[in-house]
There are 2 protein chains.
Amino acid sequence: MSDKDTAAAANGKKTEIRLAAERRILDAAEKVFAERGFGGASMQQIADRAELPKANLHYYFSTKEALYRQVVERILTIWLDAADSLDVTEDPATALASYIDTKMEVSRKHPAGSKVWAAEVMHGAPVIQVYLETTLREWMAGREYIVRRWIDDGLIVPIEPRYLFYMIWATTQHYADFAHQINVLNDGAPMSDDDWLAAKRDVVAVILRGVGVIPPRVE
Amino acid sequence: MSDKDTAAAANGKKTEIRLAAERRILDAAEKVFAERGFGGASMQQIADRAELPKANLHYYFSTKEALYRQVVERILTIWLDAADSLDVTEDPATALASYIDTKMEVSRKHPAGSKVWAAEVMHGAPVIQVYLETTLREWMAGREYIVRRWIDDGLIVPIEPRYLFYMIWATTQHYADFAHQINVLNDGAPMSDDDWLAAKRDVVAVILRGVGVIPPRVE
DNA sequence: GGCAATCTTGACCGAATGGTCAAGTCATAC
DNA sequence: GTATGACTTGACCATTCGGTCAAGATTGCC
């Protein structure tokens with residue numbers, strides 16, 4: 001073994017323990033932040049949820065703010081992946097249906113992350129401000145261009161593109177952020193697989209018909 | 001003056017001072033809770049915002065929880081008024097367009113209240129749980145019945161009514177809860193009157209066309 | 001086995017927070 | 001004018017919270 005290999009191996013081993021602990025803590029923190037908000041969450045609650053002593057959290061994350069920032073940044077990667085799923089090479093119906101499907105799946109699989117994200121934006125985006133001003137702005141500019149071309153080509157009805165995206169974001173994220181209310185209206189039970197299918201179907205149908213393309217038949 | 005009049009007058013005077021102070025505090029609390037969340041808001045911050053000594057807050061509201069509860073209950077009345085604005089005696093296009101308009105105006109005029117409401121639901125509705133289980137459930141049952149009749153009468157396309165309402169709630173409330181993000185994407189400026197008009201127009205258009213009714217011409 | 005680096009953890013600390021209180025001010029009724 | 005009740009407020013208290021630390025356990029490498 002060369003020095004490089006040894007260093008790499010040692011690093012790898014350490015990284016494994018470290019990564020496992022960090023992930024355990026981040027998972028716990030994401031849930032507690034989602035349930036209580038940043039101010040309402042205590043390091044002790046996060047430690048209890050992670051089944052680790054509180055001092056151990058501070059060994060991996062220097063401060064509560066640093067921990068929160070990493071939670072948000074981890075969610076950001078999921079958001080970016082979903083944003084990429086809007087395939088502009090497809091026709092409007094296919095592209096939008098697939099994008100809505102992806103966003104609904106994100107809400108379904110990352111309800112805590114979605115809540116943290118919503119709270120982050122509601123409170124003025126202290127962590128993701130730069131992302132909003134750079135990546136998201138550019139993403140929106142690019143997609144507005146595409147949607148306008150769809151309009152010019154007569155593929156969809158005239159609409160201000162950003163308001164269409166707000167509808168899609170709001171509706172899909174609602175299923176995570178307001179899950180509690182949805183569950184109450186669902187007789188107190190979480191949405192079943194069939195419920196999710198039906199919700200996706202109806203959301204896609206309203207949006208596609210709403211922008212003037214015939215939704216694909218899903219009898 | 002009779003005893004009743006005297007008592008009423010005295011009561012009235014007191015109530016006036018009391019109501020003014022309570023309103024001042026509730027307004028400040030709503031904003032601070034919206035900006036920082038319940039856990040992140042301190043009584044001192046609310047006191048500063050209301051330009052009153054902290055001890056004065058505790059004279060009118062015994063605890064932080066009690067103050068928060070009254071903030072939420074005040075928002076609830078606004079929510080109930082908006083819910084009433086869905087006029088089921090009208091045809092679907094008129095009823096839905098008017099309801100969306102009302103909900104958009106609520107988001108525009110009560111952005112802080114909307115954020116507090118969203119956080120309340122996200123965190124499991126500690127205060128409004130009973131409202132969700134009674135009033136809202138009944139409201140939804142009644143409206144589902146109406147929407148189903150619209151469907152049976154061939155006035156709108158088949159859809160699970162609650163998913164339609166989720167779309168309307170999510171989209172309209174998004175303009176308050178995610179106003180920060182919207183402003184960033186609007187070159188950092190708050191939406192103008194024209195922006196609000198355009199947003200309303202596009203939301204109404206997508207929903208109405210989405211459920212299969214021709215949106216009224218708004219050239 | 002022994003060394004070095006990483007990891008673990010109970011005990012502790014200063015600051016901030018929700019809440020209390022008693023002394024005082026102010027308005028009103030007679 | 002003076003007694004009564006409502007309102008105001010600076011000082012204070014107990015608790016909680018984020019964060020520190022030093023002593024010890026564990027791991028990996030020679």
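Residues numbered from 1 in each chain as written. Chains lettered and ligands numbered in written order. Predicted model: local features only at pLDDT ≥ 70, side-chain atom pairs only at ≥ 80, totals over all residues. Heavy atoms only, no water.

> Explain the overall build of chain A here, please?
When you go through chain A residue by residue, the secondary structure sums to 10 helices and zero strands. Its helices and strands in sequence order give chain A the pattern α-α-α-α-α-α-α-α-α-α, from N to C terminus. With the C-alpha coordinates aligned to their principal axes, the bounding extent of chain A is approximately 60 × 50 × 35 Å. Summarising the internal contacts of chain A: among those between residues at least 6 apart in sequence, 66% fall at separations of at least 24. When the accessible surface of chain A is split by element, carbon and sulfur atoms take 52% of a total near 10,600 Å². (Helix = DSSP H or I, 4+ residues; strand = E, 2+ residues; numbered from the N terminus. Contact = heavy atoms within 4.5 Å. Areas by Shrake-Rupley, 256 points an atom, 1.4 Å probe, with all protein chains shown as cover.)

> Would you take a moment to explain the relation of the copies chain A and chain B for this structure?
The pair of chain copies shares a relation made of a rotation about an axis and a shift along it. Placing chain A over chain B gives an RMSD of 0.0 Å and needs a rotation angle of 180 degrees, together with 0.0 Å of translation along the axis. On this basis, the relationship between the two copies can be described by a two-fold rotation axis. Across chain A, the smallest distance between a C-alpha and the rotation axis is recorded for A:Gly210, namely 1.9 Å. Same-surface contact between copies: 100% of interface residues of chain A are shared with the interface of chain B. (Least-squares fit on C-alpha atoms with pLDDT ≥ 70 in both.)

> Before we go on, may I ask you to explain the protein's contact with DNA strand C in this structure?
Around DNA strand C, the surrounding shell holds 18 residues, and the nearest of these are A:Ala55, A:Tyr59, A:Tyr60, B:Lys54 and B:Lys64. One of the side-chain N or O atoms of A:Arg18 is found 2.9 Å from a phosphate oxygen in DNA strand C. Note that a phosphate oxygen of DNA strand C is positioned 2.9 Å from one of the backbone N or O atoms of B:Met43. Broken down by secondary-structure element, the contributors of at least two residues to the surface near DNA strand C are helix H1 (3-40) and helix H3 (54-60) of chain A together with helix H3 (54-60) and helix H4 (64-84) of chain B. Examining the composition of the surface near DNA strand C, we find that four residues originate from one element, H3(A), more than from any other. Its residues assigned to classes, the surface near DNA strand C comprises eight nonpolar, four polar and six charged. (Near = heavy atom within 4 Å. Polar contact = N/O pair within 3.5 Å; in protein donor to acceptor, adjacent residues only side chain to side chain. Nonpolar A, V, L, I, M, F, W, Y, C, P; charged D, E, K, R; others polar.)

> Any chance you could explain the nonpolar core here in plain terms?
A general feature of soluble globular proteins is that nonpolar side chains tend to end up buried together. The biggest cluster of nonpolar side chains holds 155 residues, and the ones touching the most others in it are A:Leu67, A:Tyr175, B:Leu67 and B:Tyr175. Other than its neighbours up to four places away in sequence, A:Leu67 contacts A:Ile25, A:Leu26, A:Ala29, A:Phe33, A:Met43, A:Ile46 and A:Phe61. (Core = buried A, V, L, I, M, F, W, Y, C linked by side-chain atoms within 4.5 Å. Buried < 20%, exposed > 50% of the residue type's maximum accessible area, 1.4 Å probe, protein only.)

> What is the right way to read the protein's contact with DNA strand D from this model?
Every one of the 18 residues lining DNA strand D counts as a neighbour, but A:Met43, A:Lys54, A:Lys64, B:Ala55 and B:Tyr60 are closest to it. At the protein interface, 58% of the atoms of DNA strand D within 4 Å belong to sugar or phosphate. In the model, a phosphate oxygen of DNA strand D is placed 2.6 Å from a nitrogen or oxygen of the A:Lys64 main chain. Side-chain polar atom of B:Tyr59 to a phosphate oxygen of DNA strand D: 2.9 Å apart, as the coordinates give it.

> Just checking my understanding: could you explain helix H2 (residues 43-50) of chain B for this structure?
Residue and element names in this part refer to chain B. Every buried residue of H2 is accounted for by Met43, Ile46, Ala47 and Ala50. For H2, the buried positions fall inside an angular range of 100 degrees around the axis, keeping them on one side. Once H2 finishes, Glu51 follows within two positions and takes phi at roughly 55 degrees, a positive value. (Arc of directions from axis to C-beta.)

> What is the right way to look at the domain arrangement of chain A in this model?
It is common to report an interface's size as the accessible area lost on association of the parts. Residue and element names in this part refer to chain A. According to the domain assignment, chain A consists of domain 1 (1-61) and domain 2 (72-210). For domain 1 and domain 2, the distance between their C-alpha centres works out to 30 Å. Listed by partner, the interface residues are seven residues for domain 1 and six residues for domain 2. Carbon and sulfur atoms make up 60% of the surface buried where domain 1 meets domain 2, a total of about 540 Å² over both sides. It is Leu26, Glu30 and Ala34 that lose the most area in domain 1 upon contact with domain 2, and together they represent 75% of the buried surface on that side. Seen at the junction of domain 1 and domain 2, the total is two salt bridges. Among the ionic pairs, Arg74 bridges to Glu30, the shortest N-O distance being 3.4 Å. At the boundary of domain 1 and domain 2, one finds two residue pairs in polar contact (both at pLDDT 80 or more). (Domains from an automatic or database assignment. Buried area = accessible area lost by both parts, 1.4 Å probe. Salt bridge = Lys/Arg side-chain N within 4 Å of Asp/Glu carboxyl O.)

> What am I meant to see in H4(B) here?
Each full turn of the α-helix corresponds to 3.6 residues, which orients residues three or four apart in the same direction. For H4(B), which comprises 21 residues, the first-to-last C-alpha distance of 31 Å matches the rise-based estimate of 30 Å (1.5 Å per residue) to within 8%. Among the residues of H4(B), those classed as buried are B:Lys64, B:Ala66, B:Leu67, B:Tyr68, B:Val71, B:Val72, B:Ile75, B:Leu76, B:Trp79, B:Ala82 and B:Ala83. (Expected span 1.5 Å × (residues − 1).)

> What am I meant to see in the environment of B:Val157 here?
Along the chain, B:Val157 turns up in the loop between helix H7 (129-152) and helix H8 (161-177). We classify B:Val157 as partly exposed; its relative accessible area is 22%. Sequence separation of B:Val157 and B:Tyr59 is 98 residues, and the distance between their C-alpha atoms is 55 Å. If we ignore the near neighbours within four places in the chain, the residues touching B:Val157 are A:Arg209, B:Ile151, B:Val211 and B:Gly212.

> Would you mind showing me how to read the interface of chain A and chain B here?
On the side of chain B, 57 residues touch chain A, which itself brings 57 residues to the contact. When the area that chain A buries against chain B is broken down by residue, the three leading residues are A:Met122, A:Tyr163 and A:Leu185, summing to 16%. Our enumeration of links across chain A and chain B arrives at zero salt bridges. Per-element accounting of the side of chain A that touches chain B gives the leading share, 11 residues, to helix H8 (residues 161-177) of chain A.

> Would you explain the packing of aromatic side chains in this entry?
What describes a pair of aromatic rings is the distance from one ring centre to the other and the angle between the planes of the rings. A full pass over the atoms with the stated rule returns 30 aromatic pairs over all chains. A ring pair is formed by A:Trp139 and A:Trp169, whose centres lie 6.0 Å apart and whose planes are at 40 degrees; its orientation type is tilted. One end of the pair, A:Trp139, is in helix H7 (residues 129-152); the other, A:Trp169, is in helix H8, and 30 residues separate them in sequence. On the basis of relative accessible area, A:Trp139 is assigned to the buried category, the value being 11%. Ring centres of B:Trp117 and B:Tyr131 lie 5.9 Å apart, and the angle between their planes is 70 degrees; this geometry places the pair in the edge-to-face category. Pair noted here: B:Trp117 is in helix H6 (residues 111-122) and B:Tyr131 is in helix H7, with a separation of 14 residues, a long-range link. Take B:Trp117 and B:Tyr131: they sit in the same class, and that class is buried. Grouping aromatic residues by their ring pairs yields a cluster made of A:Tyr99, A:Trp139, A:Tyr163, A:Phe165, A:Tyr166, A:Trp169, B:Tyr175 and B:Trp196. (Phe/Tyr/Trp six-rings, centres within 6.5 Å; stacked < 30°, edge-to-face > 60°.)

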